[in-house]
Amino acid sequence: MPTPVIGIHDLSIATTHYVLDHATLAHHHGVPVDKYHYGIGQEAMSVPAADEDIVTLAATAAAPILQRHGTDNLRTLLLATESSVDQSKASGLYLHPLLGLPNTCRVLELKQACYSATAALQLALGLITRDPAERVLVIAADIARYDLDTPAEATQGAAAAAMLITADPALAALGPITGIHSTDVNDFWRPNYRTTAVVDGKLSITAYLDAVTHAYTDYRNRGGLPLEEFAAFCYHQPFTKMAYKAHRHLLAAHDLPTETTDLDRALAATTHYNRVIGNSYTASLYLALASLLDHTDDLTGQPIAMISYGSGSVAELFTATPAPGYQTQLRTTTDIINQRKPIDYHHYRTLHTTSEPTRDGHLVLPRETASPYRLAAITNHNRIYETTGHPPTA
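- In the nomenclature of an unreviewed UniProt entry, the protein chain is known as Hydroxymethylglutaryl-CoA synthase of Nocardia pseudobrasiliensis.
- Taken from UniProt, the Sequence similarities (unreviewed entry) comment for the protein chain reads in full: "Belongs to the thiolase-like superfamily. HMG-CoA synthase family."

So this is what it looks like as structure tokens:
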């Protein structure tokens, strides 16, 4: 029996209610705005409202997919995140009443820094290879939060990307060959007792560059394509200039041209969304893919290199090849981004420093978000979610 073509049948993203522009952040930090716009390639960052978390982001991203395709044969939900709301219960289980998921759908949460959504894709491929009639919903959802008044603060962001993985995909086929590199390195991590990550910025950049190079070497050793045959390159983007650093490093390692025009041709179309959303950890790579598909005329049948990296660290390189007619599956992602409400600096800092309760009690969250789902309360350690009446963006 031949192995079916498996890949991304549909892709939908969501982000937060608020946005803070980097001009405002630069003013309050007392630095030139070009430090952010050109130094790291960021213009704005999504900021979650008090009643938003990864569950509401995940639900908002997934709802349009389920509206379009229903839940028949949806046997697995894989939610990838490093911003989990619970140490035991899978965050995806909160989506059952919000989205009307079937009880015959297994639910798992995956964690490995920014990489785990790619692990979820690989797990989905295995499940569908076993039974091509199955469909798997993969959701990457994260809120990147760093300590205030630190260099990493400007790279914050939040988003979710939901993907329906099926046989005979309408959006993009995922290639069977992948390249992997894993190693133990303390470049970025968040102990259980911290709400923000511990970051060694210089080491993280070096670890990223090394991991990408080794993952590509493994990919080529397993029969993968040479760099010259890719139509574009989607990188994990903790900040958009990191994609440029990584691609320049990879090209130079293989004696290929690294002129700015070559880099822009390969990368520029992938950076539009991450540039104004900020780092969304597990979702970042898939925002890059959405941006590429939305900002390139036609990529039908042309392989795209997908380069996933998660600190700590694991990297993987694989391919996505857009299917005939894929453009009919694309969504109005710019509308989702443009609907965010600008937030002033004082409100942003208040949201940043407000923490969830650590003891028994009852916390009612103010009604802020305009998304279809919100976190209404936390009471006796229970998270209470509700629908808002706002329709999902189809």
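A word on the layout of surface pockets
- In this structure, the second largest pocket occupies an estimated 710 Å³ of space.
- Lining the second largest pocket are 31 residues, with Pro 151, Ala 152, Thr 155, Val 199 and Gly 201 sitting closest to its centre.
- Contributing elements (two or more residues each) for the lining of the second largest pocket: α2 (34-37), α6 (201-221) and β13 (304-310).
- When its residues are assigned to classes, the lining of the second largest pocket shows 18 nonpolar, 9 polar and 4 charged.

Brief notes about the UniProt feature "domain: Hydroxymethylglutaryl-coenzyme A synthase C-terminal" (unreviewed entry) in the protein chain
- Per the UniProt record, "domain: Hydroxymethylglutaryl-coenzyme A synthase C-terminal" (unreviewed entry) is found at residues 177-251 and 266-321.
- Between the end C-alpha atoms of residues 177-251 there is a gap of 20 Å, over a span that is 44% helix and 16% strand.
- For residues 266-321, the end-to-end C-alpha separation is 15 Å, with 34% helix and 27% strand making up the annotated structure.

Thoughts on the environment of Arg 190
- Within the fold, Arg 190 resides in the loop between β10 (188-189) and β11 (198-199).
- According to the relative accessible area criterion, Arg 190 is partly exposed, its value standing at 38%.
- Along the backbone, Arg 190 and Ser 83 are 107 residues apart, and their C-alpha atoms lie at a distance of 9.9 Å.
- If we skip the residues at most four places from it in the chain, Arg 190 touches Glu 82, Ser 83, Thr 195, Thr 196 and Ala 197.
- Reaching out from Arg 190, the side chain makes a polar contact with the backbone oxygen of Glu 82 at a distance of 3.5 Å.
- There is a polar contact of 2.8 Å between the side chain of Arg 190 and the backbone oxygen of Arg 194.

Looking at the UniProt feature "active site" (unreviewed entry) in the protein chain
- UniProt records the feature "active site" (unreviewed entry) at Glu 82, Cys 114 and His 236, using the numbering of this structure. The annotated residues contributing to the lining of the second largest pocket are Cys 114 and His 236.
- Note on placement: Glu 82 falls in the loop between β4 (74-80) and α4 (95-99).
- Overall, Glu 82 belongs to the buried group, its relative accessible area being 13%.
- With residues near it in sequence (within four places) discarded, Glu 82 still touches Ala 113, Cys 114, Asp 142, Phe 188, Arg 190 and Tyr 281.
- At 3.1 Å, the side chain of Glu 82 and the backbone nitrogen of Cys 114 are in polar contact.
- The topology assignment puts Cys 114 in the loop between β5 (106-110) and α5 (116-130).
- In this view, Cys 114 contacts Glu 82, His 236, Tyr 281, Thr 282, Ser 308, Tyr 309 and Gly 310; residues no more than four positions away in its chain are not counted.

Brief notes about the packing of helix α7 (residues 240-253) against helix α8 (residues 260-267)
- Between α7 and α8, the least distance of the axes is 10 Å, while the angle of their chain directions is 115 degrees. The interaxial crossing formed by α7 with α8 has right-handed handedness. Residues Ala 243, Tyr 244, His 247, Arg 248 and Leu 251 of α7 form the contact with α8, whose own contacting residues are Leu 263, Asp 264, Ala 266 and Leu 267.
- In the contact of α7 with α8, the residues fall into 6 nonpolar, 1 polar and 2 charged.

Topic: α8
- Listed in full, the buried residues belonging to α8 are Leu 263, Ala 266 and Leu 267. Angularly, the buried residues of α8 cover 80 degrees about the axis, an arc narrow enough to put them on a single face. Those residues of α8 that are exposed and angled more than 90 degrees off the buried face are Thr 261 and Arg 265.
- Where α8 is buried, its residues meet β12 (232-235) and α7.

Section: the sheet that holds strand β2 (residues 18-21)
- Taken in spatial order, the 3 strands of this open sheet run β3-β2-β15, and their pairing is mixed. A single partner strand is all that each edge strand has here, and the edge strands are β3 (44-47) and β15 (341-342).
- Where β2 meets β15, 2 bridges bridge the pair, whose relative direction is parallel. Paired with Val 19 across the strands is Pro 342, a residue of β15.

Describing the side chain of Ser 91
- By secondary structure assignment, the location of Ser 91 is in the loop between β4 and α4.
- Among all residues touching Ser 91, those that are not within four sequence positions of it are Ile 54, Val 55, Leu 79, Ser 84, Val 85 and Glu 109.

Describing the pairing of strand β18 (residues 382-387)
- Pairing of strand β17 (residues 373-379) with β18, which is carried by 6 bridges, proceeds in the antiparallel orientation. In the sheet register, Thr 379 faces β18, and the bridge partner there is Asn 382.
- Taking the residues between adjacent antiparallel strands as the criterion, β17 and β18 are bridged by 2 residues, where Asn 380 takes a positive phi near 50 degrees.

Brief notes about unusual backbone geometry
- Between Gly 312 and Ser 313 the backbone carries a cis peptide bond, its omega angle lying at 0 degrees.
- Along the chain, Ser 313 turns up in the loop between β13 and β14 (314-322).
- Even without glycine at this site, Asp 255 takes up a positive phi of about 55 degrees.
- What makes Asp 255 exposed here is its relative accessible area of 72%.
- In this structure, His 381 is a non-glycine residue whose phi angle is positive, near 75 degrees.
- Looking at where His 381 falls in the secondary structure, it is placed in the loop between β17 and β18.
- Take His 381: its relative accessible area is 51%, and that puts it in the exposed class.

Rules used throughout
Counting starts from 1 at the beginning of each chain's written sequence and moves along it residue by residue. Per-residue local features of the predicted model are confined to residues with pLDDT of at least 70, and side-chain atom pairs are confined, for both listing and counting, to 80 or more; whole-chain, interface and lining totals are unaffected and use all residues. Each side-chain value is derived from all of the structure's non-hydrogen atoms; neither hydrogens nor water enter the calculation. UniProt positions are given in the numbering used here, feature names are shortened, and annotations may be inferred rather than shown by experiment. Detection works on a 1 Å grid of protein atoms alone, calling trapped sets that fit a 1.4 Å probe cavities and calling open sets with protein on both sides within 12 Å along at least five of seven lines pockets, with lining residues defined by an atom within 4 Å of a point. Grid points are joined across faces, edges and corners, and a volume is the space filled by probe spheres set on the points. In this description a helix means any DSSP run of H or I spanning at least four residues, a strand means any run of E spanning at least two, and both kinds are numbered starting from the N terminus. Here the nonpolar group is Ala, Val, Leu, Ile, Met, Phe, Trp, Tyr, Cys and Pro; Asp, Glu, Lys and Arg are the charged ones; every other residue, Gly included, is treated as polar. Three exposure classes are used, based on accessible area relative to the maximum for each residue type with a 1.4 Å probe and protein chains only: buried under 20%, partly exposed in between, and exposed over 50%. We call two residues in contact whenever any of their non-hydrogen atoms come within 4.5 Å of each other. Polar contact is the term for a pair of N or O atoms within 3.5 Å; when the atoms are in protein, one must be able to donate a hydrogen and the other to accept it, and sequence-neighboring residues count only if both atoms are side-chain atoms. In this analysis an axis means a line fitted to C-alpha atoms, helices contributing only their contacting stretch, and an angle means the value between N-to-C directions, from 0 to 180 degrees. The sense of a crossing depends on the near helix, which, turned anticlockwise from the far helix by less than a right angle, makes the crossing left-handed and, turned clockwise, makes it right-handed. The directions considered for the arc are those from the helix axis to the C-beta atoms. Whether two strands pair comes down to DSSP finding at least two bridges between them.

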